[in-house]
Every structure is written in C-alpha cells, then in structure tokens.
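The chain contents come next:
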Amino acid sequence: MAAAAESGARTWPGGGSPRPGSPASSPVLGGGGRVRPGPGTERAGARPPVPAAALGHSFRKVTLTKPTFCHLCSDFIWGLAGFLCDVCNFMSHEKCLKHMKTPCACVAPSLVRVPVAHCFGPRGLYKRRFCAVCRKGLEAPALRCEVCELHVHPDCVPFACSDCRHCHQDGHQDHDTYHHHWREGNLSSGARCDVCRKTCGSSEVLAGLRCEWCSLQAHSVCYSALTPECTFGRLRSMILPPACVRLVSRNFSKMHCFRITENPTPEPGEGDDSMDGSAAAGPGREVLASPESSKQTLRIYDGYDAMQRNHFRLITVPRLAKNEEVLEAALRAYYISEDPCDFELQALPPSARSDENGAQGKARTGGAAGDEGSRGPGSRDPAPREPAPEAWVIRALPRTQEVLRIYPAWLKVGVAYVSIRVTPQSTSRTVVLEVLPLLGRQAESPESFQLVEVLMGSRQVQRTVLADEELLLDRLWDIRQASLRQMSQTRFYVAESQAVVPHVSLFVGGLPPGLASQEYGPLLQEAVGTKADVVTVSRVYPSQGAVVLDVACFAEAERLYMLVKDTAVQGRPLTALVLPEVLHTKLPRDCCPLLVFVNPKSGGLKGRDLLCSFRKLLNPHQVFELTSGGPLPGFHVFSRAPCFRVLVCGGDGTVGWVLGALEEIRHHLACPEPSVAILPLGTGNDLGRVLRWGAGYSGEDPFSVLVSVDEADAVLMDRWTILLDAQEACGAENSVADVEPPKIVQMNNYCGIGIDAELSLDFHQAREEEPGKFTSRFHNKGVYVRVGLQKISHSRSLHREIRLQVEQQEVKLPSIEGLIFINIPSWGSGADLWGSESDARFEKPRIDDGLLEVVGVTGVVHMGQVQGGLRSGIRIAQGSYFRVTLLKATPVQVDGEPWVQAPGHMIISAAGPKVHMLKKSKQKPRKAGGSPTEARVDTPPAPDGDAK
C-alpha cells in the first residue's frame, strides 16, 4: 500500500481518477463531458483558490430562449449563448468561466472544513429565494435552516452540504480562531461588495457571498481579497463566541442542542436525509414524459436503502440515448462526480422493487459495449427487444484498489488531508500506520490513534470508530451498495484515541414548586427512574420547580431527555432542555454577550420570525424561547458569565416575567445586575414606550435592533412588591377566615383596581376563549374598545368599597370608579395618566425616584378622554408604602394581568434593589467600519400553501 498523492493534494472525489478515453476525462467545455477536479491544495478555513476545471462543473454551451443572468457576476447575459452546468445548473458568461471559484454541488461536500449538520424548520414559501443545491428558485414550499441562511428544496436536502455554522466546542476539531463562514446567494438586491463596493446581490439568481458571522458581503471573485479570519463584525461585543461554549452532543440532534421546536408530525421525506420522487419539477424531479414523446422518464435508485424506502430520482432522456448517456444522467441526478466507467445500471424488476436482493436484471456498464442480450436503457439495437424497464438502480463495479482521502481530526496541521491507496489487505490499523508519518506524527505511538468514519448528512453528522482489523475496501463496497449518495458524503478521519468524558446538562422544569431541595432527587427517581450512579442534581430552583441534572452517560442522557418530555408530575407536564456550558474564563475582555428571550406568541406571532433572525445574527446558544422552560434556563446558562445584557422580546407581561425570574435567581449570577432591553411585541407596550423602544415592533431590521441595544443608555427603574392577603376585613380576631393563602406579585408599570382591571379581565377572558383571533395589535385594541363601550354606564362607587393608607396615613378618596398606582409615565398604550402640569403638593414623577403615583378615574368616559389626551387622571397621592383594604371582591390587574381579588388587604412597597434597564439612545445608530451596509435577514416565510 503506497501513498498515491502528495500530502494535501486534491484527488478524485471518492477515490480513483478519470480513465483515458472516457467522456469524464475531457476538459473541453460544451463537449458533453464532465470537467473534473484536478490537483490542487485545500486551504483550511476558506474556499480553495482553484481554477474552474477543478471545481467539478460539467459545462456545455446552450442556446438561451429567455432572459438569463450570470451566476458569477449576476449581470444579464447578452446574446443567445451561455454556459450551463448539467449538474448544478450554474449559468455563466463565457468570459466569466476563467474567473470561476464556485464549486459544483457534486464536489462541494469534499470542501467542507468542519462538518456541522443543519436544523431545518417547517416548510414555508420564500419569495425570491434560491436552492443552494440545484440553484433554482423556491417556487414551491421549501425548507430553511434555522441557524444559517441555507435554503433548499425538500428533495434537495439529502444533497446539501453539512456546512452549518460551528457554534460550540464539541470535542471534534475544536479551535479558537474562527474563519469567515461564507454562504452563497440570497442576498438583498441592493447588497454591495465590501471589497469593490459594487452590487453583489441579486433577486434573479444565486449570486454573491455573505459571512454568516460578521455579515461581510462580497462577490465570489472578490472574497479571497479579504482576510480569512472573522472578527464577528459590528456585533462582536454581543455575540457569544463559539470557542467559549462547550456542548458534547453525541446522541442529540442540533435541533435538541439549540432548543428548536421540532415538527410534531414531520412531512413525507423529512424524517431523514431521504428523497421523494413525487416532488415538483427540478433536478432529479422531471415531469413524466408522455408515451408519444421522443423522450422517456426513468426512476433511478442509488442503492439498497433507496430501494427499500422507494426513494428515487427521476431523469428524462431520449428514447434512443446511449447507455453511457443514460448512466451519466443518472449520476448527475445524484450529484456523483466519479467516473461513469466505475458504475453500471441494473434493471429493477417490478416484483422486486421492495426486496433488498431483487436488483438482479439485465445490466450494462458505463464502459465498452458488452455481450449481446445485456443491453440497458437506450440501447441502439434494431433487433426486437423487451421494453425498457421503468426503474433502474446504479451499481458500483467491484474495485481491486482505490485512492482514499484521510483527514486529520486536529486542525493545527499543514495539510487538509492525505491520500493513500487502499488494497484488499488494507485495514484500519495499517491505514493509521501509513498516515501518521504523512501528517508529521511519526514519533507518536500508533496505538494512541484510531480511524473514524464520519457520515456528513445534512440533518445529522454521525461518527463511527472502526475496528483495527476492519477491511477498508470491503467497508467502502458495503457503503456504495447501500447508497452511492452516502458514499459521497462519507469521510475518514485519523483521530487520537482519547475517551470522550460524557457530561450532559439537562434542565428539567414543571416540577412542583416550594419543595425542599433534597426532595427533588427522589421525586425524579420515582417519575423517570434516574440512575444514581450517573445522574446527579447539580442545581435546584425550588421557587421555580426546576432542577439541572448532570448526566455522565450519553445513553442515559438521551433516555432521560425523551422520557421527561412525555412525563407529567401532579398533572403538570415536565420540560426537558439540553443546556450548553459557557466557558466564562475564555470570554474576551470586551465581550458582553446578549442573552435574548423571545415570546413567540407575542406581537401577532412576529416572535417566531424574530426567534429565527436572532439565531442567525447571534450564536443560537444565546437565544431562548420562553414557551420552553421560561427564562430560567437562559439565566442558568449565563450564571457564570462575568458580564452580560438581556433583550426581552414580548409584551409588558413578558418583561415582568423575565424581571421576576431575574430577581429570584440574582444571587446565583456572577453578574447580578444585568441591563435589560425591550423589543415590544405586546398590545400596550407602555414600558417600551417609556424607554424609547417604540409603541410596538413593526418589522424593523433585526440587525438594527441589536445595534440599538448595543448603543443604548443604562437607566435605573423601581420595582414594587404587592402582598395580597385575602381575609374578611371586618372579622374578629378569633373568626378570621382565610379565603386563600397570602401571595406576592411583582409590579413594574402599574396596578389597577376597579374599572380598568375589569376591562382587562373581560379582554383576557375573550382571548382565552378564541386565542386564534388575537394575532394583531389593531384587533386587540378593537376588542378593548368594544368591552369599554359595554361598561360605559357601569357604576360601582369604588371609593365606598376600598380604603387607602399612604405612609400609614388614611387618605380620603374622591368619587371614583378606578384606582391606579403608576410607576412609569405611560398607561393604557401610551396615555399620560398623571399629567404634565406642575403641582406643589407632589414631586415630578421619575421611574427611579422610589415613589408611586396614585391616580383615580371616574369611569370609562374619563379613561377614553385620558387616552385621547383631553384630560388627565385625578391626582390622589404619592408615596413609597401603601395599604389598600378591599371590602368586597374587586377586579385587580398588575401590568396587564387581571384577576378578581377577594376581600382583604393589599400592601404595596419597594422591591429591594432597582433594576438596570436599557433606554434607546436618541441619536441614530452609528455604522461601524467593517459592518455590512445593508444588513439582511430572511423575509419571514408565508404559511405553507398560502400565496406570498
């Protein structure tokens, strides 16, 4: 077994080399042959600067019948001729071919530096977006990665590169220096190249490049002028660096690692990297040719796996096509760049389509003509013969030897891979012995290294350690028999034989709150059967009813994760999340990462789109969905970070939820007082208005939102505690009847008693009955108006039903229907209830003065006048300690959350330290150097089946 190539040389993808005389060996464009990769050297971290002949394209000259644009320069192709790649549909000017740097889809997997699987969300309609595999428009519902900018047709998913962003350290090729992560195409039409300053985006074709970390944009011929190292761009101080996050996720998919909600009912063909031949027209999904046509449509399978699942690709070829032409078309449908002479087509009998061993029929190789009677599809034989079968399977011919690429599993090495020749006697151990000297590790013991097989699927990257005596040629044969596509996505790494120490952190929420810390361990043992020898409770949050488990076994972690999600304790379903570890000692000094909380149910369902946008602009590990475990998992992950900020995307109720959780967990944080910014998604958004974040989110660029957060000013804000003690107020000492136990709620904005709380309660009940109708801010306010008109003549003389003490002094109330305590100068969607007139009796209100203002309203008409700016409320008092006595059951609302409070006492007092908030700066956000001039985030998809 001898080395077949220099260290790091580019060999034939998949092994072998083009045979002289075959169509694949012809470098002539338009000659019908494939332009094959030639020798070259890969440069880690960037697309290798190789000539067009080494990029795997199969160009041919075509006649243009409609307006067409070049995929390289994005300019219009004048004239009637262009050059089209038969494999990936890349269209180019003739003059642009010599500048070609974009690899074909058939060789792109071999150029991936570190394989990382994608996280595909549900299908949606994406206007003016293009598939990254076949380069065609996404006219039908398509898929989008939730972490990067990859868009693909559903049946192109199996052929997509596993080149998602590397967002954490996972024990495989970890590194501290990050390079640009380029993604081709789908830029805005106005995007400009950061090198030549010319337009590089296009809405007509897949053109231009964009770094998915720093958002730099460039032409594919200009990006090489940029330094390969990525500095994370304008948002670098807010991004959690991937080198500072560790998550060993061997048994968990990326969807689990990033806490992305999966579809409860996956669509056909989405359960794995599979193909569905019933998809719409496109590469491998041609429309069936009519029987009278001069062409025929064939079903093509690539191995036993596809036959068993009945997953196929369709090709359309002339009825009189040669076998070689049919075979090349079949290989192109599966994006296979190897020599057609190494394959054959076998007819698939209809009765054996679902049988693994049923692919025995007439065969015809891609080489020289065979014996008479063994003719394949398209044989030119004037003699009568049986009709060509509908289904065929591509088979690899047996090989006595082949050239195999071996990649180093460590990154600090001068070559991307080495190539060796594998013979029938080659085993994993002999390959390791031969590879180590080529990688400069000859002085180390071969016993400390092993050969690892990596399947780079677009949905999941699977690693398998090969036994020392595994015969590699047999292994390659088995893979090709199962799936040729799988073979093209398989790599072999030589790695150090160090045992990976299992350590998985699982967050379990939904447990009964208020128990003793030592009670949660036995409770979980009874509910899900935790194993004490590998599972320990590392942190308990009794007030939240949540624990964090440290699991020292991958299999046990996976079992617990799946079991907890299907378990309920005391009627409450449990929540399970996989949490990463933030390596706080590695955080740069100027890094203050942003912890983002998003309520996807807020803001007319805009929260779901923001969730996806922030995952792409930041590290997805710093973005948390509040409907999955609440704010606690995010605060736990950032508990050891010395400095961080918080962005809450939701309404005032969501902000209060997060601030309440922060107050409870503050003593566990290394940064006990993080500053909090708001992206208002609710109906009123009074706190967002006061802090200048606006009346509500209306589709602003998420990148600009993050820049505004970075430039915001820090301010302090009071928070208040309300003690609700429901008792019979007039009862004697020995006859006090507890209606319900005392409870404490936190207040940030205002507390209302009486008519305004009654309107909020009616609105809340209407939303509970028909939640699907409350998806827009305009509709919500319309419901408020309707319930207000119903109460316009309502009168309950609230001043006779309550008593008010301020600083332990009784205050006489005027004739009012509502009593409101306000902490901020905004109420009821921006109204100034206190008013702007000066009054010598009271101090000018501020959000950090330690005082609450007490205001009364006389009814619905008075509230409407306040909303319209015609009047202000009735000023009653100002203070820091209040006691309200309710003589009857009365509606109460705190920050928009209403309920009916039983008779008793309400005590309002300051809630400890003030909270640090972020107030939007008045000046327009500055554009820092190196930032994109046009920050772009995907247009939110329309629901599947709806017109855009």
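Here the residue index of a chain counts from 1 through its sequence in written order. Given that the model is predicted, a residue must reach a pLDDT of at least 70 before its local features are reported, and side-chain atom pairs must reach 80 or more before they are shown or counted; all residues, however, enter totals for whole chains, interfaces and linings. To obtain the side-chain values, all non-hydrogen atoms of the structure were included, while hydrogens and water were left out.

**Observations regarding unusual backbone geometry**
The phi dihedral of Arg 135 falls on the positive side, at around 65°, and the residue is not glycine. Numbered from the N terminus, helices here are DSSP runs of H or I no shorter than four residues, and strands are runs of E no shorter than two. Relative to the elements of secondary structure, Arg 135 occurs in the loop between strand E3 (91–92) and strand E4 (143–144). Three exposure classes are used, based on accessible area relative to the maximum for each residue type with a 1.4 Å probe and protein chains only: buried under 20%, partly exposed in between, and exposed over 50%. Given a relative accessible area of 7%, Arg 135 falls into the buried group. Backbone geometry places Ser 829, a non-glycine residue, at a positive phi of 70°. Its location among the elements puts Ser 829 in the loop between strand E37 (818–822) and strand E38 (852–857).

**Quick notes on the packing of aromatic side chains**
In this analysis, rings of Phe, Tyr and Trp, with Trp reduced to its six-membered ring, are considered paired at centre separations within 6.5 Å, and the interplanar angle assigns stacked below 30 degrees, edge-to-face beyond 60, and tilted for intermediate values. Applying the stated criterion across every chain, the model contains 17 aromatic pairs. A ring pair is formed by Phe 69 and Phe 76, whose centres lie 5.6 Å apart and whose planes are at 80°; its orientation type is edge-to-face. Its relative accessible area of 23% is what places Phe 69 among the partly exposed residues. By way of ring pairs, the aromatic residues Phe 69, Phe 76 and Trp 78 are connected into one cluster.

**Quick look at empty space enclosed by the protein**
Buriedness of a pocket was judged along seven lines, with at least five required to meet protein on both sides within 12 Å; pockets are open sets of points on a 1 Å grid over the protein atoms alone, cavities are sets where a 1.4 Å probe fits but cannot get out, and lining residues have an atom within 4 Å of a point. Grid points are joined across faces, edges and corners, and a volume is the space filled by probe spheres set on the points. Under the criterion given, the structure shown has 6 cavities of 30 Å³ or more. Around the second largest cavity sit Ala 105, Cys 106, Pro 109, Pro 158, Phe 159, Tyr 334, Tyr 335, Arg 485, Ser 488 and Gln 489, which together line it. In this classification, Asp, Glu, Lys and Arg are treated as charged, Ala, Val, Leu, Ile, Met, Phe, Trp, Tyr, Cys and Pro as nonpolar, and every other residue, Gly included, as polar. Of the residues in the lining of the second largest cavity, the class split is 7 nonpolar, 2 polar and 1 charged.

**Topic: the sheet that holds strand E2 (residues 81–85)**
Note: two strands are recorded as paired if DSSP finds a minimum of 2 bridges between them. Reading across from one edge, E1-E2-E3 is the order of the 3 strands in this open sheet, with antiparallel pairing throughout. The two strands at the open ends of the sheet, each matched to only one other strand, are strand E1 (59–63) and E3. Note that E1 and E2 share 5 bridges and pair antiparallel. Considered in E2, the bridge of Lys 61 is made with Phe 83.

**Examining the side chain of Gln 346**
Inspection of the secondary structure puts Gln 346 in strand E12 (residues 343–347). Relative accessible area serves as the criterion here: at 15%, Gln 346 is assigned to the buried category. Under the rule applied, a polar contact is a pair of N or O atoms within 3.5 Å (in protein, one hydrogen donor and one hydrogen acceptor; residues adjacent in sequence only if both atoms are side-chain atoms). A polar atom in the side chain of Gln 346 sits 2.8 Å from the side chain of Glu 344.

Limitation: the analysis is restricted to geometry and does not speak to function.
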